[in-house]
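Coordinate analysis (summary)
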Amino acid sequence: MRETAYTEALGKIAWGYLLIHLNLNLGTVDVLPNWLGCLFLYQSLHTLGQREPSALLLKPFGHLLTLYEVALWSMTMVSYSPPDLLELLFSVIALYFHFQLLTNLANIAQGRFPELSRRLLQLRNVRIVLCTVLFLPIPWDEIQVAAYLLVIASALVGLVLCVTLFSYRKLERERLNRLPLP
Amino acid sequence: MHNIWEFFLQTLDASLLCAGLLLLKRLFLDKLSPRWQYGIWSLLALRLLIPVGLFGTYLVPSLAVTLEWGKAMAEKHLTSAYSAPYLPLHITAPLPILQGMPVSATDWLFALYAAGVCFFLLRTLFGYVRLRLLLQNGTEPDEAQQSVLEHVCSLYHLSSCRMVAVPNLPSSFVCGMLSPVLVVPSGEVLDEKVLLHELLHKRSFDPLQSVFWSVLRALHWCNPLLLYAIRRIGNDMESLCDQRVLELLEGEDRRDYGRILLSMTNERYPRAPGTSSLSNGGTNIARRIEAIVRFQTYPKGMALVSVCIVVLLLSASTIGIHPAEFTKTSFRTPPKPDSATWHQQMASARIRRCSTMAGAVDTFAKAILLQNPVYLAAVTPHVEQERWMEQWEQGVFTLSLPALPLSSHDTQYSLYNLHSLADTGNYEGLLVFQLEQLGNDGTSQTTLCTLPIRLKNQHGWTVQAQGVFQTIPPSPTQANDGNIALLPSMTYLAKGASGSIRLQEQLICNVNNQSPSSSQFGTMFVTSPSFDPIPKPDADFERTWYNTSFTYTFTGSEEERAAIHSVGFCYAPIFSNEEIPDFSGNGQLMSGNISSNSSTGTGSIHEVLYEDKTWDGILTNGGGGTTLDWKRLDKDLPLGYAVQIYFNGEPREVIKLLREVPS
């Protein structure tokens, strides 16, 4: 039961990251909203916490991020942008949230899938460095080539991360299927 | 800081950052270790040391605008020696600097603040000196105490230091910035963990840091939030030291350490600048015990994200996020002069300086086009602000165009002939406005109007008119691509044996002011560009057009001129004084029988045939232009031109023309 719950949580995390990295805008409405992705991640924290207690520390952040993304999604529909200080605060929270979440996943995967665990840690590190650089107030208009490269790199990292998470879920499912029936 | 308003800006901005950091620390209390909890305070230290607005950006721009507005309102009715109502806030140092005796109430307030800074700094110094003098009366520690120290240093690989025993001390502490001394109660048995704590303070230069924070506390002695924060910083420093101790201890020793801390809850503790002590008060110890309890529960491997968070916050907290903007109601219709809204808008304009020349030109031009004094205030030199404010408050706006701007065009002005003035760092140019006038027959005609301007960089680029508006008769020609016949140009002359060459050039710079707007049918995909009336104080020149015209004037005799049946010249840019282009390949193109303009690999050719030998001695190529990159102008603009003169298809001479001093 616990193993099944973990596999379901992995699925939620994988779909959550897919929703966060993928945007499909119809006019000003994102039909793949980030807040839904954050909600999936938040819902998976309880199950994750049973294997990595420190994951439970992320619950308040998950809650805040989901609410923030809902507000952001609503504001975007009316072409309104949040105050800079609020955006900065939630950038910091998001930076930490995703970093620790991926760390917890990697720690759980370490015992059974060490290679996958290593890849998750590498993706975590690359992702956070790219996010930090993109958040910095650099005049990207003047170095457009660098800006394009960074955006492409971020998209690639997001894609590889989603693929890795779905692979992790698949491996867990296969492992569950191989387990003898009680 | 030169006046009370600059102090308010510095301390309030730091307070906002402090509040943000306290919130972040609370959010990350159980997630990031005491190392991060203490290290994040470095952002506050940087904020307190770096003058607010030094780079033109602010954490909360509206704070700077509000204080500027308050200053103008208050100082208007006062005679201050330290500030002027319309001289914008510009902090150059984080310390108070008194410029003479105080005169007004705000001056005395600032003097009082400065006196408080001196008092608290002296108190810090006095406390430290008194402690050092007290230590001089201390004695050598006994052998047991010495051996405990040596044992701790050896066990934990720490460097030793001088130890002094002083009677009636509540607990041990380290004192001294550069050569710390370990001070212990005389005659008492020393606990190894207490010594370990103090030696770790010494290794991390905590007494020196403690003095640093004391200095910052003195600079903001009247700000209760910052005083509270600096007390928290002291406790965070102790928590970090506890963390370092726990990392070295194991098992039961860690619990013993916690018990030692608990036992000190009600004890007195030494408190002086340049010292650090295990005990720092009951409330603080309670917080430290909570941190110790969390020691094992902090998520592992968070070093990278800790650093990234600090990096992310670094620029926002030290440099700021945004420049101040013109307040929303500045556009198009200024409010009633001398009203509260008026003064608020003017304050935003004084704070919002233009960071680029193009931005200043754009703001100035739009001030004229829209008759908006708020925009004009943003590019007016500080020393002129008061004079102009008096005029604007009476509703007088002297820079009025003689006709209406072209409404249907996205480029309503251009800047001509921008050039630097030697040794001053200033620039001059000619603003050319495109206007529409009603002709005598009632039809609309395009006309041009010019205004010479000077640009200076004085804490942001400023613009001043250097003359009056000159109207040029109606012409169908647009001003974007230059017009050497109609508009002023820079002229350079060079003489040769056969004649002289005159170069007329125009450099035309434009900011992109195209503002897409919906069509009258309101469809999403059809847009028609219109002029964007909002100033762009940080703009660059998006388009720079370089227009040139060469004229050769023959200075030989009538007989020589009559013998010429074809004349031509070929000109090529040169980028150094020694450079001479190779024109030899052009001879075959100068056949003497062709009337043409063409280009070669060397440069441009212009040749005219005069079969009837009626050449008047003047040859001009009629003009031409090219687009340049504003950012590479110093590389792309040639030093001069080499001009090869041809008579009857044969090369006559090369005249070198340098663009050094316009004639």
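Residues numbered from 1 in each chain as written. Chains lettered and ligands numbered in written order. Predicted model: local features only at pLDDT ≥ 70, side-chain atom pairs only at ≥ 80, totals over all residues. Heavy atoms only, no water.

1. Quick notes on the overall build of chain A
Helix and strand content of chain A: 6 helices and 2 strands. Its helices and strands taken in sequence order, chain A reads α-β-β-α-α-α-α-α from the N to the C terminus. For chain A, whose C-alpha radius of gyration is 17 Å, the value lies close to the compact-globule estimate of 16 Å for 182 residues. Per-residue burial for chain A yields a buried fraction of 44% across its 182 residues. Surface summary for chain A: the accessible area is close to 9,500 Å², and the carbon and sulfur share equals 67%. (Helix = DSSP H or I, 4+ residues; strand = E, 2+ residues; numbered from the N terminus. Rg over C-alpha atoms; globule rule 2.2 N^0.38 Å. Buried < 20%, exposed > 50% of the residue type's maximum accessible area, 1.4 Å probe, protein only. Areas by Shrake-Rupley, 256 points an atom, 1.4 Å probe, with all protein chains shown as cover.)

2. Things to note about unusual backbone geometry
Residues and elements named next belong to chain B. For Q371, which is not glycine, the phi torsion reads 55° and is therefore positive. Within the secondary structure layout, Q371 lies in the loop between α14 (357-370) and α15 (373-379). Phi at N417 takes a positive value of approximately 55°, unusual for a residue other than glycine. Among the secondary structure elements, N417 is positioned in strand β6 (residues 413-420). Here N417 falls in the buried class, since its relative accessible area comes to 6%.

3. Section: the pairing of strand β9 (residues 461-465) of chain B
When strand β8 (residues 444-457) of chain B meets β9(B), the two strands line up antiparallel, connected through 5 bridges. Across the sheet, B:L455 pairs through a bridge with B:V463, a residue of β9(B). (Pairing = 2+ DSSP bridges.)

4. What about the interface of chain B and chain A?
Each partner contributes residues to the interface: chain B has 25 residues there, and chain A has 23 residues. In total, chain B and chain A occlude about 2,100 Å² of area from one another, counting both sides; carbon and sulfur atoms represent 85% of this. Contact with chain A buries area across many residues of chain B, yet B:K31, B:L304 and B:L312 alone supply 26% of it, more than any other trio. There are 0 salt bridges connecting chain B and chain A. At the surface where chain B touches chain A, the tally comes to 2 residue pairs in polar contact (both at pLDDT 80 or more). (Contact = heavy atoms within 4.5 Å. Buried area = accessible area lost by both parts, 1.4 Å probe. Salt bridge = Lys/Arg side-chain N within 4 Å of Asp/Glu carboxyl O. Polar contact = N/O pair within 3.5 Å; in protein donor to acceptor, adjacent residues only side chain to side chain.)

5. Section: the pattern of salt bridges
Residues and elements named next belong to chain B. The tally for this structure, following the rule as stated, stands at 20 salt bridges over all chains. Between D236 and K25 there is a salt bridge, with the nearest N and O atoms lying 2.7 Å from each other. Taken together, the residues D236 in helix α9 (residues 224-248) and K25 in helix α1 (residues 4-27) connect sequence positions 211 residues apart. Note on D236: relative accessible area 9%, which makes it buried. Within this structure, E252, R255, D256 and R259 form a network of salt bridges that share partners.

6. Considering the state of the cysteines
All names here are of chain B. The full count for this structure, using the stated rule, is 0 disulfides over all chains. In this structure C153 is a free cysteine whose sulfur lies 7.0 Å from that of C161, the closest cysteine sulfur available. As a non-bridged cysteine, C222 has C118 as the owner of its nearest cysteine sulfur, 13 Å distant. (Disulfide = S-S within 2.5 Å.)

7. Structural notes on the environment of B:E542
All names here are of chain B. The residue E542 is located in the loop between β14 (527-531) and β15 (543-554) in this model. The exposure class assigned to E542 is exposed, which follows from its relative accessible area of 58%. Excluding residues that lie within four positions of it along the chain, E542 makes contacts with N510, V511 and N512.

8. Considering the nonpolar core
Grouped together as the largest cluster of nonpolar side chains are 100 residues, with contacts concentrated most on A:L105, A:Y168, B:F28, B:W41, B:L44 and B:I309. The biggest single contributor to this core is helix α4 (residues 84-110) of chain A, with 16 residues. Filtering out sequence-adjacent residues up to four positions away, B:F28 remains in contact with A:F61, A:V92, A:Y96, B:W36, B:Q37 and B:I309. Ranked by size, the runner-up nonpolar core spans 74 residues in total, among them B:V374, B:F433, B:F554 and B:L637. (Core = buried A, V, L, I, M, F, W, Y, C linked by side-chain atoms within 4.5 Å.)

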